[in-house]
Each structure stands twice: as C-alpha cells, then as structure tokens.
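The residues making up each chain are set out below.
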Amino acid sequence: MNHANSWLGREFELDVGPIAHGGHCVARVGGEHGRVIFVRHTLPGERVRARVTEDLGGAFCRADAVEVLVASTDRVPRPCPFSGPGRCGGCDFQHVDPPAQRRLKAAVVAEQLHRLGGVDVGVQVEALPGGALGWRTRVAYATAPDGRLGLRRHRSHHVEVVDHCPIGAAGVGDGPELSRNWPDTSAVEVVAGSDERAVLVTPTAAAPGRPNRSAGRRSGRHDRGRRPLARDPQQVTGPDRLPHEVLGRTFTVTASGFWQVHPAAATTFVTTALELLRPRPGERAVDLYAGAGLFSAFLAETVGPTGAVVGLEGSRPAVADAALNLAGTPWAEVRHGAVTAAAVTELGPADVVVLDPPRSGVGRAVLAAVLDLGPRAVAYVACDPAAFARDVATACELGWALADLRAFDSFPMTQHVECVGLLVPQRPDVSLPPS
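Just so it is clear, the structure is predicted and the values come from calculations on it, not from any experiment.

J.: In this structure, what is going on with helix α8 (residues 385-397)? I would like to understand it.
T.: Across its 13 residues, α8 extends 18 Å between first and last C-alpha, which sits within 8% of the 18 Å expected from 1.5 Å per residue. Across the 13 residues of α8, 10 count as buried, placing the element largely inside the fold. Residues of α8 that are buried: Pro385, Ala386, Ala387, Phe388, Ala389, Asp391, Val392, Ala393, Thr394 and Ala395. On its buried face, α8 sits against α1 (98-117), α7 (364-372), β20 (377-382), β21 (400-409) and β22 (418-425).

J.: Is there a simple way to think about the sheet that holds β20 in this case?
T.: Where strands meet in a sheet, backbone hydrogen bonds hold them as pairs that are either parallel or antiparallel. The strand order β7-β21-β22-β20-β19-β16-β17-β18 describes an open sheet built from 8 strands, whose pairing is mixed. Only two strands of the sheet have a single partner each, and these edge strands are β7 (125-127) and β18 (332-336). Neighbour to neighbour, the strand axes of the sheet diverge by 20° on average, direction disregarded. Along the sheet, helix α3 (residues 265-277) makes contact with β19 (352-355), β20, β21 and β22, crossing β22 at roughly 15°. Where helix α4 (residues 294-303) meets the sheet, it contacts β16 (284-288), β17 (308-313), β18, β19 and β20, and its direction lies at approximately 170° from that of β17.

J.: Mind showing me how you'd approach the packing of α7 against α8 here?
T.: Packed helix pairs are characterised by how far apart their axes lie and by the angle those axes make with each other. Running from N to C, α7 and α8 point in directions that differ by 50°, and their axes come no closer than 10 Å. Classified by the angle their axes make, α7 and α8 are oblique. Note that α7 runs across α8; the crossing there is right-handed. For the pair α7 and α8, contact is made by Arg364, Leu367 and Leu371 and by Asp391, Thr394, Ala395 and Glu397, respectively.

J.: Would you mind showing me how to read the state of the cysteines here?
T.: Any covalent bond linking the sulfur atoms of two cysteines counts as a disulfide. A full pass over the atoms with the stated rule returns 0 disulfides. Unpaired in terms of disulfides, Cys25 finds its nearest cysteine sulfur in Cys61, a separation of 15 Å. Relative accessible area serves as the criterion here: at 1%, Cys25 is assigned to the buried category. Note on Cys396: no disulfide assigned, nearest cysteine sulfur contributed by Cys419 at a separation of 15 Å.

J.: What is the right way to read the nonpolar core from this model?
T.: What tends to happen in soluble globular proteins is that the nonpolar side chains get buried as a cluster. Formed by 39 residues in total, the largest nonpolar core has its most connected members in Leu288, Leu355, Val370 and Phe388. It is α7 that provides the largest number of residues to this core, a total of 5 residues. When sequence neighbours within four positions are dropped, the list of residues in contact with Leu288 reads Leu312, Val339, Val344, Leu347, Val354, Leu355, Asp356 and Val370. Ranked by size, the runner-up nonpolar core spans 38 residues in total, among them Leu294, Ala322, Leu326 and Val381.

J.: Sorry, what's going on with unusual backbone geometry here?
T.: With glycine set apart, most residues show a phi of negative sign, and most peptide bonds adopt trans. Of note, the phi angle at His41 is positive, near 65°, even though the residue is not glycine. Within the secondary structure layout, His41 lies in the loop between β4 (35-40) and β5 (47-54). A relative accessible area of 4% places His41 in the buried class. For Arg278, which is not a glycine, the phi torsion comes out positive at approximately 50°. Its place among the elements puts Arg278 in the loop between α3 and β16. Assessed through its relative accessible area of 25%, Arg278 is described here as partly exposed.

J.: Mind showing me how you'd approach the pairing of β17 here?
T.: The buried fraction of β17 is high, at 5 of 6 residues. Both β16 and β17 contribute to a ladder of 5 bridges, which runs parallel. In the sheet register, Leu288 faces β17, and the bridge partner there is Leu312. Of the crossover connections in this fold, the one passing from β16 over α4 to the parallel β17 is right-handed. Tracing the backbone out of β17, into helix α5 (residues 316-325) and back to the parallel element β18 gives a crossover that is right-handed.

J.: Would you take a moment to explain the sheet that holds strand β8 (residues 138-143) for this structure?
T.: Strand order in this open sheet of 6 strands is β10-β9-β8-β11-β12-β13, and the pairing throughout is antiparallel. The strands lining the two open edges of the sheet, one partner per strand, are β10 (159-161) and β13 (235-237). With strand direction ignored, the average angle separating the axes of adjacent strands in the sheet is 35°.

Criteria and cut-off values
Residues numbered from 1 in each chain as written. Predicted model: local features only at pLDDT ≥ 70, side-chain atom pairs only at ≥ 80, totals over all residues. Heavy atoms only, no water. Helix = DSSP H or I, 4+ residues; strand = E, 2+ residues; numbered from the N terminus. Expected span 1.5 Å × (residues − 1). Buried < 20%, exposed > 50% of the residue type's maximum accessible area, 1.4 Å probe, protein only. Contact = heavy atoms within 4.5 Å. Pairing = 2+ DSSP bridges. Axes fitted to C-alpha atoms, helices over the stretch in contact; angles between N-to-C directions. Parallel < 35°, antiparallel > 145°, perpendicular 65-115°, else oblique. Left-handed = near helix turned anticlockwise from the far one by under 90°. Disulfide = S-S within 2.5 Å. Core = buried A, V, L, I, M, F, W, Y, C linked by side-chain atoms within 4.5 Å. Right-handed = clockwise from strand over helix to strand, strands pointing away.

Listed below in structure tokens is the structure:
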C-alpha cells in the first residue's frame, strides 16, 4: 500500500470478532470479506472506535481500541496505570477479568490446534497460585533518554517510563532501581530467586551506534525464544547465581540465564510432565533443551540409579548450572550442543522424552529424530501454541497422537500460555504403564 492509501491514524467503528493468537481480536472493515484489522485493548463482541497504529499494506493492519462503545461483561478497570492504548506493551489483557483471560487463551490454543495441527481437543487453561499480579520474577527495564527506567511500548522502541510494574514480584516490580536515573545505561534487568535477587546493568557503551533490541522487554521464555540471546556485556550486582526452590530441591541458576518467571511454573510443569510420562525405574530418559537441569533432575529421581538421563542444551552457562544441579545423581547428565536431528540421533534410544523447546518449536527434522529414538511417550512443554500445533501435526503425520493436554496461565495479564502435551505412538504394541 502506498503512503497515500495508508490507513495509519484513521479511526473506524468496529464490531469486534474472535480472539486471535497475538493478544488482539479480529475485526473487518467492509463486511465479511473486507480488510482485517487486528485490534488490541478490546474483547470479542464489543463495539469500539479503533485507531490504526500500523499499516504496511496487504490484507491486514493493526489498531488500538481507543473508545469502547459497547463493552463486554468481561471488561474490568485496568489495575496498571501504565497500560492501555499507546502505553506499555508488556501486557495484553489488563482490561480483562482473569477468568475470562484464561478462556480467551483456551480458545487460542484450541483454534491453533484445529487450524494448524488438524486436532480437535477441549482446552481448559488452569490458573497458577498467586493471582494475576505480583508474580513476575524477572523484568528487563529499558532506559529512557532522560535516564529513567521504563518498558517498551507495543511494537516500538519508545520507552514508557514507569515507577512500578504491577505484575512484577516484590523487589522486581517495585525495586529501588526504579526511583533513580541510569545515565550511560541501555537496560536494567532485575531478577529474583527464592530468597535473593540480582540486578544486571547493560552500559550504553557496550552497544555503540545500535539499539539494544532486548532491552525493556519483560524477560522470560515468551519474549526471547526460550534461550538467552547473545547479550551485551553486563554488570551484575548481587549473586552470580540465584537459588530456586522446586519440590524440596534447590536449583542454582546463573542470574542472566533462563528460569521460569512465574514462581509456581517450574513445579507445575515438572509435576505435569511426570504425571503424563509416568517414568519407571530403570528407564532411559532424554531431556532436550534441558536448560539448568530442571526436568533432568526429577527424571533422574524417578528412573533411579538403574536408569539413565541424558540432556542436551545449547547454552554453556546453562550446562554449567545443570552440572551443579545434577551433582547428586551421577546417572544423569546434560551435554552441551545444539539440538539438531544428528545430535538427537547420537543420544541413543529412549523410553521417555521431555521436549521444552524455544518459541519456534521443535521442527520436523528434530521431531522425526526424537520419535525415531523409540520412546513410548513424549512430554512436550510448549510456550507458543502455533509452533506446538505445527509440531503436533508433524507427529500425527509420523504415526503419533496427542493423547493428553494440559494448559496453564503462567503469564497472567499477557497473551502467553503454556501447554504440556503428551505424544504417544499409535501402535498397538505400545501402551502407557498403569496409573
């Protein structure tokens, strides 16, 4: 679309349709076959006045609902004063009652599985303990031109200055860092463990002449593709490693490394994966994208010293963390290396597999190699329903089935949702152990 025909800045009265993957709803201008507008800050069934915020041409554009003409009964006042049209882009559903948020996410998961995976399944998104606010244990703040801290606006490098983040955990969303200026700094990341916290500061001098693309996005698996991006040099205040308590075990993780940002997420995902897989003593387990050894540790407990656990992880700091966290179970190890089809094949046969991939998913080649290991069951921990649905479709083509699915609201107030699926071979000679 040339500039003269752009809809940028135009306003439309719209009848809002269904929720879509991405934190927005679908509306159309010009009837059933008209141009699609993806509208944020609204709900299905509402009538709104929307202002176009992005138009790159083509079949769709993006807009914000700037006035609600007919409101949904699921609409609530926003608890965050920095959210809303044109404001902080970290949250998608501040205007939505939390139970309704979970229903929206369930609809997205079901639609993605139907459209991309060819699977029809009932989906219920379960709440995690602690409520919709005060849960996030890692927040990366960007530095505004005047040195104050804030968070990026939606699809923008502009910084919305904040004095607190309501979804941030104590000491993270309201830490003292927010009350001071940070000259010569591009980002300040605050991360909390079970009883300690660290502050990671990225100097502006570390990135001359280019924007810091990761700065100011709330860090966590759903923001950065699951594994840490290559980072500019950081100055760490506080411990280099932070403790995290899970089911009576203490994991230590590099402060800049990956760990689930919701305090209840690690326990929930481990418990669910073990319930689905039901590992047996003496079995051999494979843990791909193993991180700091979370799943490997509990798989090692269940298969015992007569079994074996081998993990694969591409981040060297995470592998070093895993070595510490698995020190008491010598029959378990996490190896360093990219998760490729060849690397998976070299791991050898498996009875059970855990997949915890990046946002992009596993992909056909790797998934085929995983299934060729001959497991009786695969637990797939997914942070992106579209990638998960595509991988489920691949598994079905290869003779496997999605036998069970759990979904969790581990990122309240945002569009993001976590799924844990059970894949099993569709062969009569393979069966799960009794409950």
